[in-house]
Amino acid sequence: MSLIKERPASDTLSWRAFDREHHLHPFTDTKALAEEGCRVITRADGVYIWDSDGKRLLDGMAGLWCVNVGYGRKELADAAYRQLLELPYYNSFFKTSHPAAIELAKLLADVTAPHLNHVFFTNSGSEANDTVIRLVRRYWDLAGKPEKHVIISRNDAYHGSTIGAASLSGLKPMHEQGHLPIPGIAHIAPPYWYRDGGDLSPEQFGLAAARWLEEKINELGADRVAAFVGEPVQGAGGVIVPPENYWPEIQRICNEYDVLLIVDEVICGFGRLGAWFGSDHYRLKPDLMPIAKGLSSGYLPIGGVMVGDRLADLFIAEGKEFAHGFTYSGHPVACAVALANIALLRDEKIIENVKAATGPYLEKRWGELAEHPLVGEARGVGFVRALELVKNKTTREFFEPAGEVGRMCRDFCFDNGLVMRAIRDAMIISPPLIMTKEHIDELIELVNKCLDLTAKELGIS
Ligand code: PXG
C-alpha cells in the first residue's frame, strides 16, 4: 500500500521518478543514477531477490554481506512481531535493562571466545567502530597511559562511514571528502599479495606485511600506540585474504608492544568464513570485536562491540561513567531478531555446514574459474570470495583505469540474473550461508557466462 498521495507508487517508472526526485543514495554518483534510474527490489526469498519488473536474481552478495540465514525466515519476523507487541522500545541508560538485550548479551558471550564476556550495543558497524575508538582511548586513560592513543589501521580497510569509522577506514575518497582521518589514526599497507607481493612468495610477503605494523609502532613509539584494527579478511577493500602467517605475526607484535588488538568482525562474524568468527578461523585473541551485519542477518539494524575481559575488568573496577551511548543501543526488537537469528545459525548448524560441505564445494568450483582468460586469481575463505580480473595473467598486469572492466562485468551479472559486487576490477561474492550445492552450481554457471560476455566485449579470448 502506498502512502504517497499524488500517485500510487506501484510501478517501476513512478518509483524511479520519486527516487530520483527525493532519495540521496549512499556511495552513489547521484547524477549518473538519475540518468540511468535505480533498480527497485521488491521482495526476496531464500537466496533470490526480485525486482519490480518481476525479474529474479541470485543474490551473490547476501544483500550487503549480511543476510547470512537467507531471506524470508518466518522465525525472525515472528520474533520481531512478538517483541513489538510486548515491549517495542526501552533503553538501557540510567540503570535499566530489558530481557531481549540481557539474553542477547548472554548468548553473545556464549558464542564468542571465553575472554569476551561483555557487549556494548550499537545500531550499525560504523557506530561499533566509533565506539571502539572511544573504548580504546578511555581504556588507556584509565590505565594511566593517556598518551597511548594512536590507532593503527590499514589502507583498503573499510570500517564504516561515520567520522571515526571513516577515519579508521583506509579508502582515499572517504578521507579526501571529509578532511579525514581525525588525529591519532595511522595506516599501514594491507597484505594484498596478488597486487603488491611482487616476486615474494605469499609466506614471505605475509611476514613482511605484518612487520609493517612493527615498523609503524617503532616509528610512532610504542608508548603512543593504543591499538591495531583489522578485518580478518578485508571485505569492501576487495576481499584481501592474508597469507596464513600474517595474523599470527600481527598477534605476536600486538602482544610484544602491548598494543590492543581490534578485530572487525562486521563481515567475517557469524559464519562467513566457515567459523563463528574470523578470529576463530585465524586463532586470534581480540581485545575488542566490532560486530553487525550477520548478527541479525540484516533483518533489523543492530551492531555491537564485544569487549574483552582486560578492558571490561578495568572499566568495572574504576567505577566511573563511560560517557557514550545511543538511544537505540540494545533496541529490544533488533535484539529479539538477533537472538532468533543466532538460534537459527546454531540449531540448524548453518556454520558447520559451510565449514564441512558447502564451503569446500564453493572453494573447488570457484577455483575452476581461475582457468578463465580474464581471471588472474580466484581467492577467498568460506563464503566470501573474489576473482581478480586482469589484463595479463602471467605478469599480473591490472586494467587501466581500474574499475571499468569490473563495472562492465557487474552489469552483465545484473542483466543475467546474478548480483555480484565489483571492487575495482575484483568481482566479489558473499552469498547467504544457506546456499546449497545446487545454488553454487547455478552461481558458477552464471559467473562463467558473465565472464565470457565481458571477455567478448573486451575482445579477449
Ligand atoms: N566494518 C566492516 C568490516 C564493514 O564491512 C562496517 C564496518 C560498517 O558497518 P555499517 O553497518 O555501518 O555499514 C562495514 C560495512 C560495500 C559495503 O559496498 C560494505 C559495507 C557497507 C556498505 C557497503 O562493500 N560494510
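Residues numbered from 1 in each chain as written. Predicted model: local features only at pLDDT ≥ 70, side-chain atom pairs only at ≥ 80, totals over all residues. Heavy atoms only, no water.

## Things to note about the layout of surface pockets
Think of a ball as big as a water molecule: rolled over the atoms, this probe shows where empty space is left. As a reminder, the rule being used: Points on a 1 Å grid, built from protein atoms alone, make a cavity when a 1.4 Å probe fits but cannot get out and make a pocket when they are open with protein on both sides within 12 Å along at least 5 of 7 lines; residues with an atom within 4 Å of a point are the lining residues. Grid points are joined across faces, edges and corners, and a volume is the space filled by probe spheres set on the points. For this classification, Asp, Glu, Lys and Arg are treated as charged, while Ala, Val, Leu, Ile, Met, Phe, Trp, Tyr, Cys and Pro are nonpolar and the rest, including Gly, are polar.
As a volume, the second largest pocket reaches approximately 850 Å³. Around the second largest pocket, the lining comprises 24 residues; the ones closest to its centre are Ser-92, Val-119, Phe-120, Phe-121 and Phe-322. Among the residues making up the lining of the second largest pocket, the classes are represented as 14 nonpolar, 7 polar and 3 charged.

## Things to note about the sheet that holds strand β13 (residues 418-419)
Which entries qualify depends on this criterion: DSSP bridges decide pairing: two strands pair if at least two such bridges lie between them. Elements are defined by DSSP. Helices are runs of H or I of four residues or more, strands are runs of E of two residues or more, and each kind is numbered from the N terminus. Here a residue-residue contact requires only that any non-hydrogen atoms of the pair lie within 4.5 Å. Axis lines are fitted to C-alpha atoms, over the contacting stretch for helices. Their N-to-C directions set the angle, which ranges from 0 to 180 degrees.
One open sheet accounts for 4 strands, arranged β1-β2-β3-β13; its pairing is mixed. Each edge of the open sheet is held by one strand with a lone partner, namely β1 (41-45) and β13. Along the sheet, helix α17 (residues 437-458) makes contact with β2 (48-51), β3 (56-59) and β13, crossing β3 at roughly 105 degrees.

## Focus: the site of the ligand
Which entries qualify depends on this criterion: Whether a residue is near a molecule or strand depends on its heavy atoms: if one lies within 4 Å, it is near. The definition of a polar contact used here is a pair of N or O atoms within 3.5 Å, where within protein one atom must be able to donate a hydrogen and the other to accept one, and adjacent residues in sequence count solely through side-chain atom pairs. Exposure was quantified through the Shrake-Rupley algorithm and a 1.4 Å probe, taking into account, for residues, occlusion by the shown protein chains and nothing else. Note that the domain bounds reflect an automated or database-derived domain assignment.
What surrounds the ligand is a group of 16 residues, the closest being Trp-65, Gly-125, Ser-126, Asp-264 and Arg-421. The separation between an oxygen atom of the ligand and a polar side-chain atom of Ser-126 is 2.5 Å. In the complex, the protein chains occlude 84% of the 550 Å² of accessible area that the ligand would expose alone. Among the elements that make up the shell around the ligand, the one with the highest residue count is helix α6 (residues 125-142) (3 residues). Residue classes in the shell around the ligand are distributed as 6 nonpolar, 6 polar and 4 charged. Residue contributions to the shell around the ligand reach at least three from each of two domains, namely domain 1 (39-69 + 349-458) and domain 2 (75-347).

## Focus: the packing of aromatic side chains
Test applied: The rule is short: rings of Phe, Tyr and Trp, with Trp giving its six-membered ring, pair when the centres are within 6.5 Å, and they are stacked under 30 degrees, edge-to-face over 60, tilted in between. Here's how the labels work: a residue is buried when its accessible area is under 20% of the maximum for its type, exposed when over 50%, partly exposed in between, all with a 1.4 Å probe on protein chains only. Remark: a charge is flagged as sitting over a ring if the NZ atom of Lys or the CZ atom of Arg is within 6 Å of the ring centre and within 35 degrees of the ring normal.
Counted by the stated rule, this structure contains 15 aromatic pairs. With 6.4 Å between their ring centres and 65 degrees between their planes, Trp-193 and Tyr-194 make a pair best called edge-to-face. Ring centres 6.5 Å apart and planes at 75 degrees place the aromatic pair Phe-270 and Trp-276 in the edge-to-face group. A relative accessible area of 0% means that Phe-270 is categorised as buried. Residue Trp-276 is classed as buried on the basis of its relative accessible area of 17%. Taken together, the aromatic side chains of Tyr-89, Tyr-90 and Tyr-328 make up a single cluster linked through ring pairs. Residue placement shows Lys-148 over the ring face of Trp-140; its charged tip is 5.0 Å from the ring centre.

## Describing helix α13 (residues 309-318)
Where we set the bar: It is the directions from the helix axis to the C-beta atoms whose arc is reported.
Within the sequence span of α13, burial applies to Leu-311, Ala-312 and Phe-315. Buried residues in α13, looked at end-on, bunch into an arc of 95 degrees, giving them a common side. In this fold, the buried residues of α13 make contact with β4 (116-122), α6, β8 (260-263), β9 (288-291) and β10 (303-308). Gly-319, located one to two residues past α13, shows a positive phi value of around 65 degrees.

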